[in-house]
Amino acid sequence: MTDTSIGARALVTEPDWTAATAETVAHLQAMLRMNTVNPPGNEIVVARYLQDVLTRDGIDTKLFEPAPGRAAVVARLRGDGSRRPVILMAHMDVVGVEQDKWSVDPFGGAVKDGYVYGRGAIDDKGMLAANLEAMLLLKRHLVDRGATLSRDVVFVANSDEEAGGDWGMGWLVANHPELLEAEFAVNEGGRTRIVGGRPLYLAVQNTEKVSHVVEMHVKGSGGHASVPLADNPLWRLGRALAAIGAHREPLDIRPTTREFFARLSRVWPDAAECEAMADVVSTDATRQARGADQLARIPVLDALLRNGVSAAIVSGGIRSNIIPTEAIATLNVRTLPGAVLEDVIARLRRAVDDEQVDFRVVDRGTDAPASDFESPMFRAIADATHALDPEMAVVPYMSTGATDSARLRQLGIQAFGILPFPMDQNDEDRMHGHDERVPVASLAFGTRVIYGALVRVTA
């Protein structure tokens, strides 16, 4: 189907976006008021809400309860089968809150000053509400009016994403892989960033770093704290942590990151950072190093250029007057796709340079192939975005955080992560933080992007 006919199809079926936005906000508020902090999750309350809404609109919906209180919802709009399905995915669980540090009730779903507040407004109930609204709009404005979808559209809401996904996407993959048979999937994981006061770019995640947990163990003789000991394991562990803190993994620019910076360098408003982006993707080693040094000042960009190591937990000792016999530091290691964890550990050992420090892998992540940023799904997202804002750049993106998309990519599904709500850094930083919120206008924009992308990819 040509771009003209796709546009005509979208125009004929154009929803009332004022009403659709109000409905999206109402769905988001309802789900924010359901406490699904994981653990324990209790996602079943949101799952039942979704089942009720989808079934009421005549959409075939299944609810699974893999464990008491845990849930998965799979709903389907059927196409003619000429193309393989597309999945719309989001998770129902949220992280915990420090309630006394919020200015509003984190489970109140308050709308204030043009924002919807609540734990999960960004991660991931905002996406869940936008996906739900897009599904309803497809049913009402395409299917119910006699249009034929070229592929099934499968709505998936899962549990446990914030705690590894064993009771969510992991359970679905293990128990109902037939429901996940698809060519494409759209999930969380991207960014839509306001820079310099205007929406600058929508980053579509097509690959992600792999998360591992590595512990450093140090042992010593221990004893009474009144007698200082040279082999105090806390001293040795402190020196090891300082060495790792000063260590930087080698520059390693992958195809997605190269394209990410190449496209951003054409629109980025800061001249020095724009030049650095162009430098880092050049073929000249001197320019690359110069660009990487400049971008190192921006941690979220530096993390795209190399493997990452962060100290997360330090433990050792039981009383203030006892030197412990062991100290442990837990490291979160994020490797680039295709990188070998043992190579990173070998470099860390050299940096620490202490044979008494023992490195142990306690949780190893699983790599997944990258999705193609030249695919029809990527183009559909870009076209839907440009229909709303022709000036916004749409760029492929490697996320530093882990998502359920990796499990789908391992199944051979081309999965793309978006967070299609334009936000500045301040609002984005509230994710997992205090006063998490999403602008109503951004929620409306994101819903339109998802709907527009689906209209195009099912044409």
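Refer to the preceding data block for the structure.
Here is what the cut-offs are and how they apply
- Residues numbered from 1 in each chain as written.
- Predicted model: local features only at pLDDT ≥ 70, side-chain atom pairs only at ≥ 80, totals over all residues.
- Heavy atoms only, no water.
- Helix = DSSP H or I, 4+ residues; strand = E, 2+ residues; numbered from the N terminus.
- Rg over C-alpha atoms; globule rule 2.2 N^0.38 Å.
- Buried < 20%, exposed > 50% of the residue type's maximum accessible area, 1.4 Å probe, protein only.
- Contact = heavy atoms within 4.5 Å.
- Areas by Shrake-Rupley, 256 points an atom, 1.4 Å probe, with all protein chains shown as cover.
- Lys, Arg positive; Asp, Glu negative; His and termini not counted.
- Charge placed at Lys NZ, Arg CZ, Asp CG, Glu CD.
- Salt bridge = Lys/Arg side-chain N within 4 Å of Asp/Glu carboxyl O.
- Pairing = 2+ DSSP bridges.
- Axes fitted to C-alpha atoms, helices over the stretch in contact; angles between N-to-C directions.
- Polar contact = N/O pair within 3.5 Å; in protein donor to acceptor, adjacent residues only side chain to side chain.
- Arc of directions from axis to C-beta.

**With respect to the overall build of the protein**
Part 1 of the argument: When you go through the protein residue by residue, the secondary structure sums to 15 helices and 18 strands.
Part 2 of the argument: The C-alpha radius of gyration computed for the protein amounts to 24 Å, which stays within 12% of the reference 23 Å derived for 459 residues, consistent with globular compactness.
Part 3 of the argument: Taken over the C-alpha atoms alone, the protein extends approximately 80 × 55 × 45 Å along its principal axes.
Part 4 of the argument: Considering the protein as a whole, with its 459 residues, one finds that 55% of them fall into the buried category.
Part 5 of the argument: Considering only contacts in the protein between residues 6 or more positions apart, those separated by 24 or more positions represent 78%.
Part 6 of the argument: Accessible area of the protein: about 18,800 Å², with a carbon and sulfur share of 51%.
Part 7 of the argument: Computing the positive centroid from 48 side-chain charges and the negative centroid from 62, the protein places the two 1 Å apart.

**Section: the pattern of salt bridges**
Part 1 of the argument: As enumerated under the stated definition, the model contains 29 salt bridges in all.
Part 2 of the argument: With a shortest N-O distance of 2.9 Å, Arg-254 and Asp-252 are connected by a salt bridge.
Part 3 of the argument: With its nearest N and O atoms 2.8 Å apart, the salt bridge here joins Arg-263 to Glu-259. In this pair, Arg-263 and Glu-259 both sit in helix 7 (residues 255-264), 4 residues apart, roughly one turn of the helix.
Part 4 of the argument: By relative accessible area, which is 17% here, Arg-263 ends up buried.
Part 5 of the argument: Here the salt bridges do not stand alone but share partners, grouping Glu-23, Asp-57 and Arg-140 into one network.

**Examining the sheet that holds strand 14 (residues 326-335)**
Hydrogen bonds between backbone atoms are what pair the strands of a sheet, whose relative direction is either parallel or antiparallel.
Part 1 of the argument: Pairing within the open sheet is antiparallel, and its 4 strands lie in the order 12-14-10-15. Strands with a single pairing partner mark the edges of an open sheet, and in this sheet they are strand 12 (308-316) and strand 15 (357-363). If you compare each strand with its neighbour and ignore which way they point, the axes differ by 25° on average.
Part 2 of the argument: The sheet contact formed by strand 10 (residues 210-219) and strand 15 spans 6 bridges and is antiparallel. Among the inter-strand pairings, Val-213 is bridged to a residue of strand 15, identified as Asp-363.
Part 3 of the argument: Packing against the sheet, helix 11 (residues 341-352) makes contact with strand 10, strand 12, strand 14 and strand 15, and its axis sits at approximately 155° to strand 15.

**Concerning the environment of Asp-367**
Part 1 of the argument: You can see Asp-367 is positioned in the loop between strand 15 and helix 12 (376-388).
Part 2 of the argument: Between the C-alpha atoms of Asp-367 and Ala-292, which are 75 residues apart in sequence, the distance is 25 Å.
Part 3 of the argument: Setting aside its immediate chain neighbours within four residues, Asp-367 contacts Val-210, Pro-337, Gly-338, Ala-339 and Gln-410.
Part 4 of the argument: Among the polar contacts made by the side chain of Asp-367, one reaches the main-chain amide nitrogen of Gly-338 at a distance of 2.5 Å.

**A closer look at the environment of Val-455**
Part 1 of the argument: Here Val-455 is to be found in helix 15 (residues 440-457).
Part 2 of the argument: Note: C-alpha distance between Val-455 and Leu-138 (317 residues apart in sequence) is 7.7 Å.

**Observations regarding unusual backbone geometry**
Part 1 of the argument: A cis geometry characterises the amide bond from Pro-39 onward to Pro-40, with omega recorded as 5°.
Part 2 of the argument: Within the fold, Pro-40 resides in the loop between helix 2 (17-32) and helix 3 (44-56).
Part 3 of the argument: A cis amide bond links Asp-123 to the next residue, Asp-124, at an omega of 10°.
Part 4 of the argument: Note on placement: Asp-124 falls in the loop between strand 5 (115-117) and helix 4 (125-141).
Part 5 of the argument: Of note in this structure, Asp-353 is not a glycine but carries a positive phi near 55°.
Part 6 of the argument: Mapped onto the fold, Asp-353 is located in the loop between helix 11 and strand 15.
Part 7 of the argument: In this structure, His-432 is a non-glycine residue whose phi angle is positive, near 65°.

**Brief notes about the sheet that holds strand 18 (residues 437-439)**
Part 1 of the argument: As summarised here, the arrangement of the 3 strands in space is 4-5-18, forming an open sheet in which the pairing is antiparallel. One side of each edge strand has no neighbouring strand; the edge strands of this open sheet are strand 4 (111-112) and strand 18.
Part 2 of the argument: Taken together, the 3 bridges between strand 5 and strand 18 define a ladder with antiparallel strand orientation. Its bridge partner lying in strand 18, Tyr-117 is registered against Arg-437.
Part 3 of the argument: Relative to the sheet, helix 2 contacts strand 4, strand 5 and strand 18, its axis offset from that of strand 5 by approximately 20°.
Part 4 of the argument: Contacts from helix 15 reach strand 4, strand 5 and strand 18 within the one sheet, and its direction differs from that of strand 18 by about 70°.

**Section: helix 9 (residues 285-295)**
Part 1 of the argument: Turning to helix 9, its buried residues are Gln-288, Gly-291, Ala-292, Gln-294 and Leu-295. All buried residues of helix 9 fall inside an arc of 160° around its axis, so they share one side. Across from the buried face of helix 9, at angles greater than 90 degrees, the exposed residues are Ala-285, Thr-286 and Asp-293.
Part 2 of the argument: Buried residues along helix 9 sit against helix 7, helix 8 (271-280) and helix 10 (299-302).
Part 3 of the argument: Among the residues of helix 9, the N-terminal cap falls to Asp-284, whose side-chain oxygen and the backbone nitrogen of Thr-286 are separated by 3.0 Å.

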